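Residue-level listing of the chains:
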Amino acid sequence: MAITDFLAASDITSAINACKAKDSFSPKMFFKTVGLSKKSPTEIERVFKILDQDKSGYIEQDELQLFLQNFSKGARPLTAAETRAFLLAGDSDGDGKIGWEEFSALVKSS
């Protein structure tokens with residue numbers, strides 16, 4: 001299963017290009033640009049499972065840092081500040097990771 005099974009390659013390219021500069025990544029803007037916020041809960045869950053590299057049921061800090069590379073192999077890693085901001089935006093229960101419900105809520109708020 002690949003991200004491009006759910007999202008258009010042109011939307012992915014636009015979203016990646018919009019955050020090429022360091023400290024320019026915004027999760028909500030990325031989800032909107034890539035078209036994820038318009039997808040069904042099932043499609044969002046499938047994308048979540050791709051992002052959850054270790055299959056723990058959560059997206060942890062190290063997975064967030066490499067978030068963009070899941071969408072495009074040549075994309076840059078997120079900076080420490082971007083990773084922290086992403087985690088704060090998505091981690092509603094304060095456990096230091098983003099679960100499926102938290103991810104879905106963040107995507108849908110985009």
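Residues numbered from 1 in each chain as written. Predicted model: local features only at pLDDT ≥ 70, side-chain atom pairs only at ≥ 80, totals over all residues. Heavy atoms only, no water.

1. Examining helix α5 (residues 80-90)
Of the positions making up α5, those classed as buried are Glu82, Thr83, Phe86, Leu87 and Gly90. Seen end-on, α5 carries its buried residues on one side only, within an arc spanning 135°. Projecting away from the buried face of α5 at angles above 90 degrees are the exposed residues Ala80, Arg84 and Leu88. (Buried < 20%, exposed > 50% of the residue type's maximum accessible area, 1.4 Å probe, protein only. Helix = DSSP H or I, 4+ residues; strand = E, 2+ residues; numbered from the N terminus. Arc of directions from axis to C-beta.)

2. Quick notes on the packing of helix α1 (residues 9-18) against helix α2 (residues 27-34)
Where α1 meets α2, the axes come as close as 8 Å, and the angle between the chain directions of the two elements is 155°. Considered as vectors, α1 and α2 are oriented roughly antiparallel to each other. For the element pair α1 and α2, the recorded crossing hand is right-handed. Residues Asp11, Ile12, Ser14, Ala15 and Ile16 of α1 form the contact with α2, whose own contacting residues are Phe30, Thr33 and Val34. Counted by class, the contact of α1 with α2 contains five nonpolar, two polar and one charged residues. (Axes fitted to C-alpha atoms, helices over the stretch in contact; angles between N-to-C directions. Parallel < 35°, antiparallel > 145°, perpendicular 65-115°, else oblique. Left-handed = near helix turned anticlockwise from the far one by under 90°. Contact = heavy atoms within 4.5 Å. Nonpolar A, V, L, I, M, F, W, Y, C, P; charged D, E, K, R; others polar.)

3. Brief notes about unusual backbone geometry
Positive phi, normally seen in glycine, also occurs at Asp23, with a value near 65°. Topologically, Asp23 is positioned in the loop between α1 and α2. The phi angle at Lys55 is positive, at roughly 60°, despite the residue not being glycine.

4. Concerning the UniProt feature "domain: EF-hand" (unreviewed entry) in the protein chain
Mapped onto the present numbering, the UniProt feature "domain: EF-hand" (unreviewed entry) falls at residues 39-74 and 78-110. Split by type, residues 78-110 is 61% helix and 6% strand. Its first and last C-alpha atoms lie 19 Å apart. (UniProt positions renumbered as here; feature names shortened; annotations may be inferred.)

5. Examining the packing of α2 against helix α6 (residues 100-108)
Two elements in contact, α2 and α6, have axes whose closest approach is 8 Å; the angle formed by their N-to-C orientations is 75°. Taken as axis vectors, α2 and α6 run roughly perpendicular relative to one another. For the pair α2 and α6, the contacting residues are Pro27, Lys28 and Phe31 in the first and Phe103, Leu106 and Val107 in the second. Residues of the contact of α2 with α6, tallied by class, amount to five nonpolar, no polar and one charged.

6. Observations concerning the nonpolar core
Counting 30 residues, the largest nonpolar core has Phe30, Phe67, Phe71 and Phe103 as its most contacted members. Those elements giving two or more residues to this core turn out to be α1, α2, α3 (41-51), α5 and α6. Looking at which element gives the most residues to this core, the answer is α3, with five residues. Beyond its immediate stretch of four places on either side in the chain, Phe71 contacts Ile3, Leu7, Ile12, Ile16, Phe30, Val34, Val47 and Leu51. (Core = buried A, V, L, I, M, F, W, Y, C linked by side-chain atoms within 4.5 Å.)

7. Examining the pattern of salt bridges
Applying the stated criterion across every chain, the model contains two salt bridges. Between Lys49 and Glu45 there is a salt bridge, with the nearest N and O atoms lying 3.9 Å from each other. Placement of the pair is Lys49 and Glu45 together in helix α3, with a separation of four residues, close to one helical turn. Between Glu82 and Arg76 there is a salt bridge; the shortest N-O distance is 2.7 Å. In this pair, the class of Glu82 matches that of Arg76, namely buried. (Salt bridge = Lys/Arg side-chain N within 4 Å of Asp/Glu carboxyl O.)

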